[in-house]
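# Coordinates in review
Single-letter residue listing:
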Amino acid sequence: MGSGATDVVVVGAGVIGLSIAWRCAQRGLAVTVLDPAPGSGATWTAAGMLAPATELHYEGRPLLALTLDSAARYPGFVAELADATGVDVGYRRCGTLQAAWDAADLAALRDLHAFQSSLGIESELLTSRQLRAAEPALAAGLPGGLWAADDHQIDNRMLHGALRRAAGGAGVREVTARVGGWLRRGQQVVGVRTESGDRFEAGTVVLAAGAWSAAVAELPAQTGPSTPAGLQVPAGLQASAGLPAEVVPPVRPVKGQTLRLRGPSDLLNHVVRGAVRGSPVYVVPRGDGSLVIGASSEEAGFDLGPRAGAVYELLRDAQLLLPVLGEVRFDEVSTGLRPGSPDNLPMIGGTVVDGLLVATGHYRNGILLAPLTADAVAGLITGEDPGIDLTACDPRRFSRSEVSA
Ligand code: GLY
């Protein structure tokens, strides 16, 4: 595999990395994307909910501005993808029903509705009868719910496939390789090298490796010597293993499991969510009858093993909301790692090291935030103004100090 010089290297070929690569290539930049297993991380496990309203948490106002902006970019984003690839990525403007489990849960939904209204987000409280009329497969006797008409969904796996095709069509070079070190010139990041020693120099490197972003930035523990035997490094270029601590994004893996079932294509018309005895669960119906149930949430390091208890709890709670799920086919359990950040906001933008941008920490909203992240990063690189206020997600908010020469 060859090395090379390029305008932009993107580390990570999940939905975030590929969206960035595609947008950059559309603007005439030469782009190389590196990933040992493109799209196998959170991109693969996600359910594809595009849910600014029902993923809203009380501390989440700064995030809401980003999620609403990105949701508004989605129709154009998928239309452009369809034009470029001919692929329908399953963007369904189906809305979301949040079912209350009991009276206490209904009271919590009323509070959430009031909070949403105070922020200008449309949602509607439903009686028990209205809830059941909207989704007849719901269990009888649920006390009511909330209708979020603008919380939609996309088939994240189809999206990834289409992005790969669109990026390739726009000239993006995809390299299946693991980053093994960073190329520096003075304090500046000027590229990466792979574990096998190939070098990719670039004007800008974008770190978009999801839950692995900190590990890729740190590297020494994983890769041993910074310069493998036999690697020729040109004069003026230093090959280092890890980056300075100031630019290691404080991303942690938050394990999530999703289940895939298959039933009749008309089983559900909307995304259905609920919190059964306080335990959150959602069911996302694709147009073809497949149903994605999610999602557990555990702080378990990089463990990717499916946990039987999480599968049991998801199936139990989903079936309590939608009894018919007990009769449909079980297809798959998938485990992924959300890239969590200390304040639940992503890190998008420049760092204290020249040449290095990061786009990570998207936590529960990576699929939703892809269009915004891609436009923002492409804008930072080209100098175009994408009209996005990135203040809240400036990666430098976590830098301990400026890097000295
Ligand atoms: N966005 C849903 C989840 O992270 O489970």
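Report on the accompanying structure. Keep in mind that this is a model prediction, so the values were computed, not measured.

For the ligand, the full set of nearby residues is M49, E55, Y282, A295, R338 and R364. In the model, a nitrogen atom of the ligand is placed 2.7 Å from a nitrogen or oxygen of the R364 main chain. For the ligand, the protein covers 87% of the area, taking 190 Å² as the surface of the free molecule. Tallied by class, residues from the shell around the ligand come to three nonpolar, no polar and three charged.

A word on the pairing of strand β10 (residues 188-194). Of all seven residues in β10, six are buried; the element is thus mostly enclosed. Relative to β10, strand β9 (residues 179-185) runs antiparallel, the two sharing six bridges. Each residue of the ladder has a partner; that of V179, found in β10, is T194. Counting the residues that bridge the hairpin from β9 to β10 gives two residues, and of these G186 lies at a positive phi of roughly 60°. Alignment of β10 against strand β11 (residues 199-207), held across three bridges, turns out to be antiparallel. Bridge pairing in β11 links V192 to F200.

With respect to the helices and strands, D155 occurs in the loop between β7 (152-153) and α6 (156-169). D155 sits in the buried class, given a relative accessible area of 18%. The contacts of D155, once residues within four sequence positions are left out, are V89, G90 and R286.

This structure, assessed with the given rule, holds four aromatic pairs. Judged by centre distance (5.7 Å) and plane angle (65°), the rings of W22 and F77 are edge-to-face. In this pair, W22 is assigned in helix α1 (residues 15-26) and F77 in helix α3 (residues 61-85), connecting sequence segments 55 residues apart. Measuring from ring centre to ring centre gives 5.8 Å for W212 and F302, while their planes differ by 40°; the resulting arrangement is tilted. Separated by 90 residues along the polypeptide, W212 in the loop between β11 and α7 (213-218) and F302 in the loop between β16 (290-294) and α9 (308-321) bring together distant segments of the chain.

Counted by the stated rule, this structure contains 22 salt bridges. Of the charged contacts in the structure, one is a salt bridge between K255 and D303, with a shortest N-O distance of 3.0 Å. Here K255 is found in strand β13 (residues 252-262), whereas its partner D303 is found in the loop between β16 and α9, with 48 residues between them in sequence.

This part takes up the nonpolar core. Core analysis: the biggest nonpolar cluster contains 50 residues, and V10, I20, V31, Y74, I154 and L159 have the highest contact counts within it. Breaking this core down by element, the ones donating at least two residues are β1 (4-11), α1, β2 (31-34), α3, α6, β19 (356-360) and α10 (366-382). With nine residues, α10 is the single largest residue contributor to this core. Apart from residues no more than four positions distant in its own chain, V10 is found in contact with G17, I20, A21, V31, T32, V33, L34, V206 and A208. Counting 27 residues, the second largest nonpolar core, distinct from the first, contains V9, F200, V216 and V353.

Between its first and last C-alpha atoms α1 spans 16 Å; for twelve residues at 1.5 Å apiece the expected length is 16 Å, and the two agree. With respect to burial, α1 is a largely interior element, eleven of its twelve residues being buried.

All right, on to unusual backbone geometry then. One non-glycine residue with positive phi stands out, namely R277, at about 50°. Structurally, the position occupied by R277 is in the loop between β14 (271-276) and β15 (279-285). Residue classification places R277 among the exposed positions, given a relative accessible area of 60%. Positive phi is not limited to glycine here, since Y363 has a value of about 50°. For Y363, the location among the structural elements is in the loop between β19 and α10.

The rules we used
- Residues numbered from 1 in each chain as written.
- Predicted model: local features only at pLDDT ≥ 70, side-chain atom pairs only at ≥ 80, totals over all residues.
- Heavy atoms only, no water.
- Near = heavy atom within 4 Å.
- Polar contact = N/O pair within 3.5 Å; in protein donor to acceptor, adjacent residues only side chain to side chain.
- Areas by Shrake-Rupley, 256 points an atom, 1.4 Å probe, with all protein chains shown as cover.
- Nonpolar A, V, L, I, M, F, W, Y, C, P; charged D, E, K, R; others polar.
- Buried < 20%, exposed > 50% of the residue type's maximum accessible area, 1.4 Å probe, protein only.
- Helix = DSSP H or I, 4+ residues; strand = E, 2+ residues; numbered from the N terminus.
- Pairing = 2+ DSSP bridges.
- Contact = heavy atoms within 4.5 Å.
- Phe/Tyr/Trp six-rings, centres within 6.5 Å; stacked < 30°, edge-to-face > 60°.
- Salt bridge = Lys/Arg side-chain N within 4 Å of Asp/Glu carboxyl O.
- Core = buried A, V, L, I, M, F, W, Y, C linked by side-chain atoms within 4.5 Å.
- Expected span 1.5 Å × (residues − 1).

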